[in-house]
Protein chains: 2
Amino acid sequence: MKRGVLIVLSGPSGVGKGTVRKALFEETDIDFQYSISMTTRNPREGEMNGEDYFFVTREEFEKNIAEGNMLEYAEYVGNYYGTPKTFIDDTLASGRDVFLEIEVQGALQVKEKMPEGAYIFLTPPDLDALKERLVGRGTEDMDVIDKRVNTAASEIRMMANYDYAVVNDEVENAVQRIKDIVKVERLRVNRVLPEYIAMIEEIDK
Amino acid sequence: MKRGVLIVLSGPSGVGKGTVRKALFEETDIDFQYSISMTTRNPREGEMNGEDYFFVTREEFEKNIAEGNMLEYAEYVGNYYGTPKTFIDDTLASGRDVFLEIEVQGALQVKEKMPEGAYIFLTPPDLDALKERLVGRGTEDMDVIDKRVNTAASEIRMMANYDYAVVNDEVENAVQRIKDIVKVERLRVNRVLPEYIAMIEEIDK
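Cut-offs used in this document
- Residues numbered from 1 in each chain as written.
- Chains lettered and ligands numbered in written order.
- Predicted model: local features only at pLDDT ≥ 70, side-chain atom pairs only at ≥ 80, totals over all residues.
- Heavy atoms only, no water.
- Least-squares fit on C-alpha atoms with pLDDT ≥ 70 in both.
- Salt bridge = Lys/Arg side-chain N within 4 Å of Asp/Glu carboxyl O.
- Helix = DSSP H or I, 4+ residues; strand = E, 2+ residues; numbered from the N terminus.
- Buried < 20%, exposed > 50% of the residue type's maximum accessible area, 1.4 Å probe, protein only.
- Phe/Tyr/Trp six-rings, centres within 6.5 Å; stacked < 30°, edge-to-face > 60°.
- Lys NZ or Arg CZ within 6 Å of the ring centre and 35° of its normal.
- Core = buried A, V, L, I, M, F, W, Y, C linked by side-chain atoms within 4.5 Å.
- Contact = heavy atoms within 4.5 Å.

Q: Which residues make up the relation of the copies chain A and chain B, and what values do they have?
A: Screw-axis analysis of chain A against chain B gives a translation of 0.0 Å along the axis, an RMSD of 0.0 Å, and a rotation angle of 180 degrees. Such values leave the two copies arranged in the relation of a two-fold axis.

Structure, rendered in structure tokens:
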């Protein structure tokens, strides 16, 4: 059984991760399992356990932490939120790709535990257009330029931890790039080699 | 200036590297520079220097070896054949992608000197179909099976040195996969990061 690909989409806040994720899941030629978070907060009306979240007690969540099952977690307004490893592992083992949309801090924690994922950094189009906008003219206020350069520099530092940089110039372009990445990740030798080796070992028995 | 991608296509002999390369260069939406080899043999009628080969004297070729300019080379029927680094470097620096089709031994030598390339291993469809063909039936002669398994195992060992495995089931499929790989390689952070850093440094001056 060919293992699925873990796709992690992250990027600076406000870059449009949620919009890209929604557009991606509307595509008809993909079959990603969305990574379902675990939380101790109460379900809201209409929310389903195992669909919107895994709803658990505080005790259960802390047991998951203690057993090393949380790829990342945080406490927010008195409730835990996190990404359980078992669900992702089982889905990947079944051959299905898993998609995780997460902010930068969480992504880095996930990467430590699952480095085999495809880590995609969504960049603002500004970063790409920055040079033309700023260097080209030279008419803007130095304070404005400095602030933009600082923001861009900090985003570039974040990007260095990822495998891919996808510019979110147009949502449909970003979606297409992510689909291309997943297609090509399936061709990477470190993904296909275990399958070939298993095949040879099975035949050699 | 964005640096071009070095694409190295290799694979076991008889897998169809040349056929795939020819089909790839007939595509209208790519602009790869084919890596031109250097040789000491005499030009045949119609062959152009700097187009079919770089035709040089034995002395010049050996000077290139001594200066570390040969990514790989071999002597064959009294003549040198090899891949000069300067031509590839200059082309990549100009922003153009370079395509190199080469046998497995040569590819490994190139990789030692230019690990930043995208190394693609073209696999015979047999490798993929092997399991179904052999395990599924069990009607074939054990000697035949053993020989095929050994060949497959040695090809898998070669594959481990590459970045991508592309199955040559149909030439047009293999061509499309290579085009996808190049498209996605351009999104890899280790390729775009230097460009972003240079941009910030330039603005910060």
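Let us keep going from here.
Q: So, the pattern of salt bridges: which residues are in play, and what are the values?
A: Residues and elements named next belong to chain A. Inspection of every chain in the model, using the stated rule, returns 34 salt bridges over all chains. As a salt-bridge pair, Arg3 and Asp89 come within 3.4 Å of each other at their nearest N and O atoms. Of this pair, Arg3 sits in the segment before β1 (6-10) while Asp89 sits in helix α3 (residues 85-93), placing them 86 residues apart in sequence. In this structure Arg3 comes out as partly exposed when scored by relative accessible area, which is 42%. Residues joined by salt bridges that share partners form a network here, namely Arg3, Lys85, Asp89 and Glu116.

Q: Tell me about the environment of Arg177 of chain A, and name the residues and values.
A: As for its position among the elements, Arg177 of chain A is in helix α7 (residues 171-185). The exposure class assigned to Arg177 of chain A is partly exposed, which follows from its relative accessible area of 22%.

Q: Quick rundown of the packing of aromatic side chains? Include the residues and the values.
A: As enumerated under the stated definition, the model contains 26 aromatic pairs over all chains in all. Centre to centre, the rings of Phe32 of chain B and Phe99 of chain B are 6.2 Å apart; their planes meet at 5 degrees, and the pair counts as stacked. Of this pair, Phe32 of chain B sits in the loop between α1 (17-25) and β2 (33-34) while Phe99 of chain B sits in strand β7 (residues 98-101), placing them 67 residues apart in sequence. Overall, the relative accessible area of 0% leaves Phe99 of chain B in the buried class. An aromatic cluster is defined as three or more aromatic residues linked by ring pairs; in this entry it consists of Phe25, Phe32, Tyr34 and Phe99 of chain A. Across the ring face of Tyr119 of chain A, the terminal group of Lys111 of chain A is positioned such that the distance to the ring centre comes to 5.8 Å.

Q: Give me the lowdown on the nonpolar core, citing residues and values where you can.
A: One finds Ile120 of chain A together with Ile120 of chain B to be the most contacted residues of the largest nonpolar core, which totals 44 residues. Beyond its immediate stretch of four places on either side in the chain, Ile120 of chain B contacts Ile7, Val8, Leu9, Ser10, Tyr162, Tyr164, Val166, Ile178 and Ile181 of chain B.

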